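Descriptive structure summary
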Amino acid sequence: MADWTAPGTNMDETTFRQLLARHWAHLFDKRTIDKGAAYLNAGRVLGTHYESGDGEGALIGMVKGSARDPYAAGVRLEWDGRNARLDSYCTCPLEFECKHVAATVLYVLRDTANAPHRELEPPKPQLGAWKAWLDGLRAPA
């Protein structure tokens, strides 16, 4: 794994994915992981976008759920060189640690040789309450 410890450095996507692969399961219970896998297998993840921040990174995915419009689901990972802290948010009624977030994480962690990875454009401003969460990525520590 890359040694990413420099303060004031943006987390690159490779380091983010390595850390996410190690720590993602701590966000979810088995039932949520199973539901996320079912969403992934059904092709409900429309794509993802990665954003780096000072000492952290965020993965944002668009996932087709029961609502007319897809849900914006994301996971943020903070790394201080020794400890990883993850949190999540979704525009679905559960708001965090849901099957949409699990599907998004599984989407980027699966074997990309077996399925194409769709990279989304950065999210548009109509994210409502989720915008504050994303703005936290850009706020000074």
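Structure report, in brief. What you see is a predicted model; the values in this text were computed from it and never measured.

Some thoughts on the pattern of salt bridges
All chains considered together, the criterion is met by 6 salt bridges. In this structure, the salt-bridge partner of Asp-69 is Arg-68, at a minimum N-O distance of 3.5 Å. Between Arg-85 and Asp-87 there is a salt bridge, with the nearest N and O atoms lying 3.9 Å from each other. Judged by relative accessible area, Asp-87 falls into the buried class, the value being 18%. Salt bridges here are not isolated pairs; linked through shared partners, they connect Arg-76, Glu-78, Arg-85 and Asp-87.

Here we look at helix α1 (residues 13-23)
If you check which residues of α1 are buried, you get Thr-15, Phe-16, Leu-19, Leu-20 and His-23. When α1 is viewed along its axis, its buried side chains cluster within an angular range of 130 degrees and face the same direction. Between a side-chain oxygen at the N-terminus of α1 and the backbone nitrogen of Thr-14 the separation is 3.1 Å; the capping residue is Asp-12.

Digging into helix α3 (residues 99-109)
The element α3 is extensively covered by neighbouring structure, given that 9 of its 11 residues are classed as buried. Among all positions of α3, only His-100, Val-101, Ala-102, Ala-103, Thr-104, Val-105, Leu-106, Tyr-107 and Val-108 are buried. Looking at the buried side of α3, the elements it contacts are α1, α2 (30-41), β1 (45-53), β2 (56-63), β3 (71-79) and β4 (84-90).

A few points about unusual backbone geometry
At Glu-95, a position not held by glycine, the phi torsion is positive, near 75 degrees. Relative to the elements of secondary structure, Glu-95 occurs in the loop between β4 and α3. Relative accessible area serves as the criterion here: at 39%, Glu-95 is assigned to the partly exposed category. The backbone phi angle of Glu-97 is positive, close to 50 degrees, even though this residue is not glycine. Summarising the element assignment, Glu-97 is placed in the loop between β4 and α3. Take Glu-97: its relative accessible area is 37%, and that puts it in the partly exposed class.

Cut-off values and rules
- Residues numbered from 1 in each chain as written.
- Predicted model: local features only at pLDDT ≥ 70, side-chain atom pairs only at ≥ 80, totals over all residues.
- Heavy atoms only, no water.
- Salt bridge = Lys/Arg side-chain N within 4 Å of Asp/Glu carboxyl O.
- Buried < 20%, exposed > 50% of the residue type's maximum accessible area, 1.4 Å probe, protein only.
- Helix = DSSP H or I, 4+ residues; strand = E, 2+ residues; numbered from the N terminus.
- Arc of directions from axis to C-beta.
- Polar contact = N/O pair within 3.5 Å; in protein donor to acceptor, adjacent residues only side chain to side chain.
- Contact = heavy atoms within 4.5 Å.

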